Amino acid sequence: MTVNLEVAEGVGTLRLDRPPMNALDTATQDRLKELAEEAARRDDVRAVVIYGGEKVFAAGADIKEMQAMDHTAMVLRARDLQDSFTAVARIPKPVVAAVTGYALGGGCELALCADFRIAAENAKLGQPEILLGLIPGAGGTQRLSRLIGPSKAKDLIFTGRMVKADEALTLGLVDRVVPADEVYTQAQAWAAKLARGPAIALRAAKESIDTGLETDIETGLAVERNWFAGLFATEDRDRGMKSFVEEGPGKAKFL
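Residues numbered from 1 in each chain as written. Predicted model: local features only at pLDDT ≥ 70, side-chain atom pairs only at ≥ 80, totals over all residues. Heavy atoms only, no water.

Chemist: Before we go on, may I ask you to explain the nonpolar core in this structure?
Modeler: Proteins that are soluble and globular tend to have nonpolar side chains buried together. Within the largest apolar cluster, 45 residues are counted, with the highest numbers of intra-cluster contacts made by Phe-57, Val-88, Val-99, Leu-110, Leu-125, Leu-144 and Leu-173. In terms of residue count, helix H3 (residues 71-89) provides more of this core than any other element does, five residues in total. Ignoring any residue separated from it by four or fewer positions in sequence, one finds Leu-125 in contact with Val-99, Ala-103, Leu-104, Cys-108, Arg-161, Met-162, Val-163, Ala-168, Leu-173 and Val-174. The next biggest cluster of nonpolar side chains, apart from the first, holds 15 residues, and it includes Tyr-51, Ala-98, Phe-116 and Ile-118. (Core = buried A, V, L, I, M, F, W, Y, C linked by side-chain atoms within 4.5 Å. Buried < 20%, exposed > 50% of the residue type's maximum accessible area, 1.4 Å probe, protein only. Helix = DSSP H or I, 4+ residues; strand = E, 2+ residues; numbered from the N terminus. Contact = heavy atoms within 4.5 Å.)

Chemist: Honestly, the packing of helix H9 (residues 199-214) against helix H10 (residues 217-230) in this entry has me stumped. Any pointers?
Modeler: Relative to each other, H9 and H10 sit at 170 degrees, their axes nearing to 8 Å. Put simply, H9 runs roughly antiparallel to H10. Within the contact between the two elements, H9 uses Ile-200, Arg-203, Ala-204, Glu-207, Ser-208, Thr-211 and Gly-212 and H10 uses Gly-220, Val-223, Glu-224 and Trp-227. (Axes fitted to C-alpha atoms, helices over the stretch in contact; angles between N-to-C directions. Parallel < 35°, antiparallel > 145°, perpendicular 65-115°, else oblique.)

Chemist: Got a minute to help me understand the pattern of salt bridges in this structure?
Modeler: Side-chain pairs of opposite charge can arise where the charged atoms are in close proximity. For the structure shown, the criterion picks out 17 salt bridges. For Glu-235, the salt bridge is made with Arg-239, and the minimal N-O distance between the two is 4.0 Å. Placement of both Glu-235 and Arg-239 in helix H11 (residues 235-247) is noted, with a separation of four residues, approximately one turn of the helix. Judged by relative accessible area, which is 60%, Glu-235 ranks as exposed. A relative accessible area of 31% means that Arg-239 is categorised as partly exposed. (Salt bridge = Lys/Arg side-chain N within 4 Å of Asp/Glu carboxyl O.)

Chemist: Could you clarify how one ought to interpret the environment of Gly-10 in this entry?
Modeler: Within the secondary structure, Gly-10 is located in the loop between strand E1 (3-8) and strand E2 (11-16). Overall, the relative accessible area of 13% leaves Gly-10 in the buried class. Remark: the alpha-carbon pair of Gly-10 and Ala-61, spanning 51 residues in sequence, is separated by 30 Å. With near-sequence residues (within four places) excluded, Gly-10 lies in contact with Asp-44, Val-45, Arg-46, Ala-47 and Ala-195.

Written as structure tokens, this is what we have:
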């Protein structure tokens, strides 16, 4: 399989496994969508790590496969391409990308679907599609500009240049830079910590933030308001408040 889902102690790892560069061909895209939807459904998955292995996250689309596609073929495929990445972005649980080596084109777009990105010191990220006479087609023009702002996104997309981990951190493209041999361990630790949190409240926070970024503030506030009130019907709210009153802040256990 080109993508695998491994689950341990509440954390599901979506592992890309298409050597040597994890090129994201159509079969890999379809498998990614399938497993992202599975991770979203499974109660034993409370947080997710996206990982490409020790050497490379994902170097982009399978260019040889794309070269053989004409306009009609891509019109028919483009929606499925975007849907596979959107399935990752819509996982209603915390998601962290563990980025090693190259995360280019579709690889960078996949990292953008995570809530948090931990990158290796040797990581290189970018959207080089313009160098092929194309633009990002798996969400890059939208998610990158929302994450780092339109001017910075245009710089990367217009030029197609790669950025090293330190510049990616400055741009806000990644959230933490660590030694290469610590990337997966730190991503796992981040995910495991959140996996022990209140699952419904985390889902509510993610949906409220993401919806607010995609719509006007009044709609975003309505989503927040409805989730906020709705959480008063959950066991996690009862447990959290009871613990706060009896033991003080930060001691509640939600599992």
